[in-house]
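# Observations on the model geometry
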Amino acid sequence: MSKAPPQLKLPSPIKVLTKMLNKEVVARLKGGVAVKGVLTAYDGCMNLVLDDAAELDKSGEPLTRYGRLVVRGSQVIYVSAIEASP
Amino acid sequence: MSKAPPQLKLPSPIKVLTKMLNKEVVARLKGGVAVKGVLTAYDGCMNLVLDDAAELDKSGEPLTRYGRLVVRGSQVIYVSAIEASP
Amino acid sequence: MSKAPPQLKLPSPIKVLTKMLNKEVVARLKGGVAVKGVLTAYDGCMNLVLDDAAELDKSGEPLTRYGRLVVRGSQVIYVSAIEASP
Amino acid sequence: MSKAPPQLKLPSPIKVLTKMLNKEVVARLKGGVAVKGVLTAYDGCMNLVLDDAAELDKSGEPLTRYGRLVVRGSQVIYVSAIEASP
Amino acid sequence: MSKAPPQLKLPSPIKVLTKMLNKEVVARLKGGVAVKGVLTAYDGCMNLVLDDAAELDKSGEPLTRYGRLVVRGSQVIYVSAIEASP
Amino acid sequence: MSKAPPQLKLPSPIKVLTKMLNKEVVARLKGGVAVKGVLTAYDGCMNLVLDDAAELDKSGEPLTRYGRLVVRGSQVIYVSAIEASP
Amino acid sequence: MSKAPPQLKLPSPIKVLTKMLNKEVVARLKGGVAVKGVLTAYDGCMNLVLDDAAELDKSGEPLTRYGRLVVRGSQVIYVSAIEASP
């Protein structure tokens, strides 16, 4: 909108998703739904494609497994890469 | 918006739905509703047409059967192809 | 947006509603509301006009009858033609 | 958007509200709220003006009476003319 | 959008709010919240300014009093002038 | 949109927030959340900056204190200046 | 939109987030979710990137830890820097 030097130096939150590509992510969605899977695609609306995916129960355990999930971005609360526990 | 080479190589999540055409999919919708059916059409808003469709109960069993469902994209949480169990 | 040959061949989900015109449909709406009636008009937002309509209770039985319902598209979860049981 | 002959012949759902002008209507709104009153104005967003209006309780009985209600269209689920019982 | 003679004769629902200026109104808002106060300003989004205002409890009694409330239009379900009881 | 003389004389509800600058305000937000603090900035979406802020419990008592809160306008139900009790 | 001198002097609420960069923040999100982490990026929609992040339980204790969270701005209720307790 206007010249905002500090903001220009920041990475776009959406582009930070690029670093999660081909990694396993967990996404918390509206309606109390959580899913995990390997992030293979996303767009600027945060629409996501997750492979080897699963819907998770409250304790984070897989409830239903899906080969591939297309998640609607408007339903996403947050996305996070799952890091390997040491 | 700007040149984002990594993103350009990605398939659009919406276009990934093309690979689910004429396959049985399950779609989780807002309001705790889930449906399944053969995906015969979709558009960029994730509006979906499902043939040989059914609304599912909590355990994933068909609750009400419909010949054809038109689902409003803004209500979709995720869509997944149902793979044949081996 | 761009040339997407497979998508161009698909019927628009909204236009699939044309085949439901003058047929009895059931529409599941937000807020746990379901209605049925003869679809006599719709537009690109999925605003619907249902004649000889009724709001349905949880088991799908008519709860309140209405001569004509105008349904706001933004509240629609899905629409389906009710097929005659053989 | 494109040439859609069948759709062009349809009345717009919004314009169907014209036939309800100066008639008593019931409107189901979000948040479990229902109101009735004489429809004296509306616009393309389904904003409504209801005269001799009332909020209704679960059984459809008047709960609170209002001389005039201005209803925000984005909160409307459906609108229906109340027909005189024979 | 197009020529719609009947609609052009109607007052805009938003402009009907003009007649409620400087009168006490009650506004039902999303989230089960209701407020009342003297309407001293509004805009086309139904953003409202209420003076000598109060949030109301379920039975319509003042719960918390405020000198002036700025209400966000997108949260408004309906607005009504409170008429003097005879 | 069109010439609306009465409306032009009204202050914009958003600009009424100017009079609340540097005063303590309470803001009721979606999801049953309420906050208070000194209003030090706002914009046309009702995004708010509150200093010396706190989230409030149901009875209006501070639950969690924050030096500075940035509130997203789309979540605001209403904003009010807290007046000093005499 | 129009000349509004007082508003022009105000910092934009979104830009106030700049002062929270590289600090630990807590963000309350829709659906009763709260997260904390070091704010490393944001954009004009309030999309956030939080490093060394965690989802919090009702009492504000870490429930699930995440290396990096991308939060969708449309789900944010408020953001606050966590100040060091003296």
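Whatever comes next refers back to the structure up there.
Report follows, based on the coordinates. (Residues numbered from 1 in each chain as written. Chains lettered and ligands numbered in written order. Predicted model: local features only at pLDDT ≥ 70, side-chain atom pairs only at ≥ 80, totals over all residues. Heavy atoms only, no water.)

## Re the overall build of chain A
For clarity, the cut-off: Strands here are runs of E lasting at least two residues and helices are runs of H or I lasting at least four, both read from the DSSP assignment and numbered beginning at the N terminus. Three labels apply to residues, based on accessible area from a 1.4 Å probe with only protein chains included: buried if under 20% of the type maximum, exposed if over 50%, partly exposed otherwise in between. In what follows, residue pairs with any heavy atoms lying within 4.5 Å of each other are defined as contacts. Exposure was quantified through the Shrake-Rupley algorithm and a 1.4 Å probe, taking into account, for residues, occlusion by the shown protein chains and nothing else.
When helices and strands are counted, chain A shows two helices and five strands. Every one of the 86 residues in chain A was classed for burial, and the buried ones make up 50%. Across chain A, every contact between residues at least 6 apart in sequence was considered, and the portion connecting residues at least 24 apart equals 38%. For chain A, the computed accessible surface area is about 4200 Å², with 55% contributed by carbon and sulfur atoms.

## Here we look at the interface of chain G and chain A
Size of an interface, as often reported, equals the accessible area lost when the parts are brought together. Filter applied, for reference: Two parts placed together each lose some accessible area under a 1.4 Å probe, and the buried area is that loss summed for both. Basic side-chain nitrogens of Lys or Arg form a salt bridge, by our definition, when they fall within 4 Å of a carboxyl oxygen of Asp or Glu.
Contact with chain G, which involves 24 residues of that partner, is made by 27 residues of chain A. Carbon and sulfur atoms make up 60% of the surface buried where chain G meets chain A, a total of about 2000 Å² over both sides. For chain G, the biggest contributors to the area lost against chain A are Arg68, Val70 and Arg72 of chain G; these three give 32% of the whole. Run the count over chain G and chain A and you get one salt bridge. Between arginine 28 of chain A and glutamate 55 of chain G there is a salt bridge, with its nearest N and O atoms 2.9 Å apart.

## Considering the relation of the copies chain F and chain E
Under the convention used in this document: Alignment of the copies relies on least squares applied to C-alpha atoms, considering only residues that score at least 70 for pLDDT in both.
Overlaying chain F with chain E gives an RMSD of 0.0 Å, the required rotation being 51 degrees about an axis along which the chain moves by 0.0 Å. Mapped onto chain E, only 7% of the interface residues of chain F again fall at the interface, so the copies present different surfaces.

## Some points on the pattern of salt bridges
Residue and element names in this part refer to chain G. Across all of its chains, the model carries 15 salt bridges over all chains by this definition. In this structure, lysine 36 engages glutamate 24 in a salt bridge whose closest nitrogen and oxygen atoms are separated by 4.0 Å. Separated by 12 residues along the polypeptide, lysine 36 in strand E2 (residues 34-42) and glutamate 24 in strand E1 (residues 24-29) bring together distant segments of the chain.

## Points about the interface of chain F and chain E
Counting residues at the interface gives 27 residues for chain F and 24 residues for chain E. Interface area for chain F against chain E, summed over the two sides, is near 2000 Å², with a carbon-plus-sulfur share of 60%. Its largest share of buried area at the contact with chain E, chain F owes to Pro13, Ile77 and Tyr78 of chain F, together 29% of the area lost on that side. Put simply, chain F and chain E have one salt bridge between them. Counting residues per element, the ones that place at least two in the side of chain F that touches chain E are helix H1 (5-9), helix H2 (13-16), strand E1 (24-29) and strand E5 (76-81) of chain F.

## Here we look at the side chain of aspartate 51 of chain F
Inspection of the secondary structure assignment puts aspartate 51 of chain F in strand E3 (residues 48-56). Apart from residues no more than four positions distant in its own chain, aspartate 51 of chain F is found in contact with Gly37, Val38, Thr40, Gly67 and Arg68 of chain F.

## Some points on the relation of the copies chain G and chain A
Here chain G sits on chain A after a turn of 51 degrees about the axis and a move of 0.0 Å along it, with an RMSD of 0.0 Å. Residue by residue, only 8% of the interface of chain G is reproduced at the interface of chain A, so the copies engage with different surfaces.

## Focus on the pairing of strand E3 (residues 48-56) of chain D
All names here are of chain D. Cut-off, in case you're wondering: The pairing criterion for strands is at least two bridges between them, as found by DSSP.
Burial within E3 is extensive, with eight of its nine residues counted as buried. Bridging between strand E2 (residues 33-42) and E3 involves seven bridges; their strand directions are antiparallel. Pairing of lysine 36 across the sheet is with alanine 54, part of E3. Bridge count between E3 and strand E4 (residues 62-71): eight bridges; the pairing is antiparallel.

## Description of the packing of aromatic side chains
Selection rule: Only centres within 6.5 Å qualify two rings of Phe, Tyr or Trp (six-membered ring in Trp) as a pair; their planes then separate them into stacked at under 30 degrees, edge-to-face at over 60, and tilted for everything else.
Enumeration over the complete set of coordinates arrives at seven aromatic pairs over all chains. Ring geometry for tyrosine 66 of chain A against tyrosine 78 of chain B: centres 5.4 Å apart, planes inclined by 65 degrees, an arrangement best described as edge-to-face. With tyrosine 66 of chain A in strand E4 (residues 62-71) and tyrosine 78 of chain B in strand E5 (residues 76-81), the pair connects residues from two separate chains.

## A closer look at the state of the cysteines
We apply this condition: Here, the term disulfide refers to a pair of cysteine sulfur atoms separated by no more than 2.5 Å.
This structure, assessed with the given rule, holds zero disulfides over all chains. In this structure cysteine 45 of chain F is not part of a disulfide, and its nearest cysteine sulfur, from cysteine 45 of chain G, lies 10.0 Å away. With relative accessibility at 44%, the residue cysteine 45 of chain F sits in the partly exposed group.

## Observations concerning unusual backbone geometry
In the Ramachandran plot, aspartate 52 of chain C falls in the positive-phi region, its phi being about 45 degrees despite a non-glycine side chain. If you trace the backbone, aspartate 52 of chain C turns up in strand E3 (residues 48-56). A positive phi angle, near 70 degrees, is found at methionine 46 of chain F, a position not held by glycine. Locating methionine 46 of chain F in the fold gives a position in the loop between strand E2 (34-42) and E3. With a relative accessible area of 0%, methionine 46 of chain F lands in the buried category.

Keep in mind that these numbers describe shape and distance, not what the molecule does.
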